[in-house]
Amino acid sequence: MPDLGWNDFDTLESYIANEQRKYPESRGIFADVVRRIGIASKVVAVKVQKAGLLDVLGSHGAHNVQGEEQQKLDVIANEIMKATFEWMPLVAGIATEEEEDYTVYPPKPENEGDRYIILFDPLDGSSNIDANVSVGTIFSIHRVEGGGYRTKLSDFLQPGKSQVAAGYVIYGSSTMFVFSTGFGVHGFTLDPEIGEYVLSHENIRVPDQCTCFSANEANYKKWDEPTQRFADHLRYGDDEIYEITTSRYIGSLVADFHRNLLHGGVFMYPADAQTGKGKLRLLYECAPMAMLMEQAGGMATTGRERIMDIVPTELHQRVPVAFGAVREMEMYEGMVAEADEQ
Ligand code: AHM
Ligand code: MG
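Thresholds, definitions, all that
- Residues numbered from 1 in each chain as written.
- Chains lettered and ligands numbered in written order.
- Predicted model: local features only at pLDDT ≥ 70, side-chain atom pairs only at ≥ 80, totals over all residues.
- Heavy atoms only, no water.
- Pairing = 2+ DSSP bridges.
- Helix = DSSP H or I, 4+ residues; strand = E, 2+ residues; numbered from the N terminus.
- Contact = heavy atoms within 4.5 Å.
- Axes fitted to C-alpha atoms, helices over the stretch in contact; angles between N-to-C directions.
- Core = buried A, V, L, I, M, F, W, Y, C linked by side-chain atoms within 4.5 Å.
- Buried < 20%, exposed > 50% of the residue type's maximum accessible area, 1.4 Å probe, protein only.
- Near = heavy atom within 4 Å.
- Polar contact = N/O pair within 3.5 Å; in protein donor to acceptor, adjacent residues only side chain to side chain.
- Areas by Shrake-Rupley, 256 points an atom, 1.4 Å probe, with all protein chains shown as cover.
- Nonpolar A, V, L, I, M, F, W, Y, C, P; charged D, E, K, R; others polar.
- Domains from an automatic or database assignment.
- Salt bridge = Lys/Arg side-chain N within 4 Å of Asp/Glu carboxyl O.

Caption draft 1: Region of the structure containing the sheet that holds strand E12 (residues 246-247). Reading across the sheet, the five strands line up as E12-E11-E13-E15-E14 and stay open at both edges, with mixed pairing between neighbours. The open sheet is flanked by E12 and strand E14 (299-301), the only strands paired with a single partner. Pairing between strand E11 (residues 212-214) and strand E13 (residues 265-269): three bridges, direction parallel. Residue pairing across strands places Cys212 opposite Gly265, the latter belonging to E13. Sitting on the sheet, helix H8 (residues 282-295) is in contact with E14 and strand E15 (321-324), with an inclination near 20° to E15.

This is the structure we're talking about:
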């Protein structure tokens, strides 16, 4: 038998199939959804890589529901993701960061049982695209019980802790698919030669060592006192465990999160102290990343509340967020609690 070089590793396909075999009662529906996201992300990856050639860089000239300028690639990635789920009978509906309203897909009579809601940010970090910076797709999956015959807004407004899966795809120097179904976090790297995601990072655990501090430090003056104190402690404090901590901020959540997940560190986008509001969206960014961070052994918090516990009140809700290892997140929550008591 010649050495083909690919007979001894898992692809996303084979991994999902093996996982599914562990649950004989599984109907394979959910596996199908994850598989479809994998395929859609390959299409987006091609578009991102050919962006300069296809003249799709730069602004589309329209604005999304948050009033931000949409980039052409945002629109393309959004269309690709939507097209992926539109025909899937077991997807009850979708909501995307790029559109104000959610979309419901009516069930076919033969589709009994649970269906799924998919929430996604089709191309996060898109303001960086023109500078060839890594961007990503983030997704979050919830179950709608009873076939989703009357799928409604409240089916979309579920807390992060009820996610059945979450993940992201990072379009970087290589393309990686990182996801969790509640049994650890696993990363698959796209092998461009065979066009498959290959298991490269099984059971990712966030390192205890806080190597990076990642935040938009130009906002420092807008942060509240405990957040400033926490950032100062990690960056300049006397604690010797933070001697090697360095600042790293790309401004592209998937890229910043991915680096910290692998190398250890704190990512935060705190509230503006005057408005009390954060920038990142609960449903499309914070909740899915929180599931991954917790599954990797870390924590995700607003400073006062576990991100996974927040019950959304609106589709495009923004919350303050900090992701990191347990020691730093507990320290941050402690500093916030101390300030609240005063
Ligand atoms: P986007 O979804 O419009 O791309 O915005 C989200 C991005 C994140 O990727 C990143 O963490 C953050 O915005 C950066 O914001 P800032 O430029 O304020 O630091
Ligand atoms: Mg985004």
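Caption draft 2: How the structure looks around the nonpolar core. Counting 39 residues, the largest nonpolar core has Phe85, Ile141 and Phe177 as the members making the most contacts within it. Considering every element that reaches this core, the biggest residue donor is helix H2 (residues 29-49), with eight residues.

Caption draft 3: Structural detail: the site of ligand 1. Close to ligand 1 lie 17 residues; Asp124, Gly125, Tyr249, Leu253 and Tyr269 are nearest. The backbone of Gly125 places a nitrogen or oxygen atom 2.8 Å from an oxygen atom of ligand 1. Note that an oxygen atom of ligand 1 is positioned 2.5 Å from one of the side-chain N or O atoms of Tyr269. For ligand 1, whose free accessible area comes to 470 Å², the fraction covered by protein is 83%. Among the elements of the structure, strand E5 (115-124) and E13 are those that each provide at least two residues to the shell around ligand 1. The residue makeup of the shell around ligand 1, split by class, is five nonpolar, five polar and seven charged. For the shell around ligand 1, the domains that each give at least three residues are domain 1 (6-201) and domain 2 (212-341).

Caption draft 4: Representation of the pairing of E15. Burial along E15 is two-sided: Val321 and Phe323 facing one way and Ala322 and Gly324 facing the other are all buried. Sheet analysis places E14 next to E15, joined by three bridges and oriented antiparallel. Following the sheet pairing, Ala300 is matched in E15 by Phe323.

Caption draft 5: Quick peek at the pattern of salt bridges. Here the structure, examined in full by the defined rule, presents 17 salt bridges. The closest approach of N and O atoms between Glu13 and Arg35, which form a salt bridge, is 3.1 Å. Note that Glu13 is positioned in helix H1 (residues 12-21) and Arg35 in helix H2, a separation of 22 residues in sequence. A salt bridge links Glu79 to Lys82; the nearest nitrogen and oxygen atoms lie 3.9 Å apart. Linking Glu79 with Lys82, this pair stays in helix H4 (residues 72-86), spanning three residues, or about one helical turn. What you see here is one network of salt bridges that share partners, running through Lys161, Glu294, Arg306 and Asp309.

Caption draft 6: Spatial organisation of the pairing of E5. Most of E5 sits inside the fold, with 10 of its 10 residues counted as buried. Pairing geometry for strand E3 (residues 91-96) and E5, over five bridges, is parallel. Note on E5: the bridge partner recorded for Ala95 is Leu119. One ladder, built from eight bridges, connects E5 with strand E6 (residues 135-144); its direction is antiparallel. Within E6, the position partnered with Ile118 by the bridge is Ile141.

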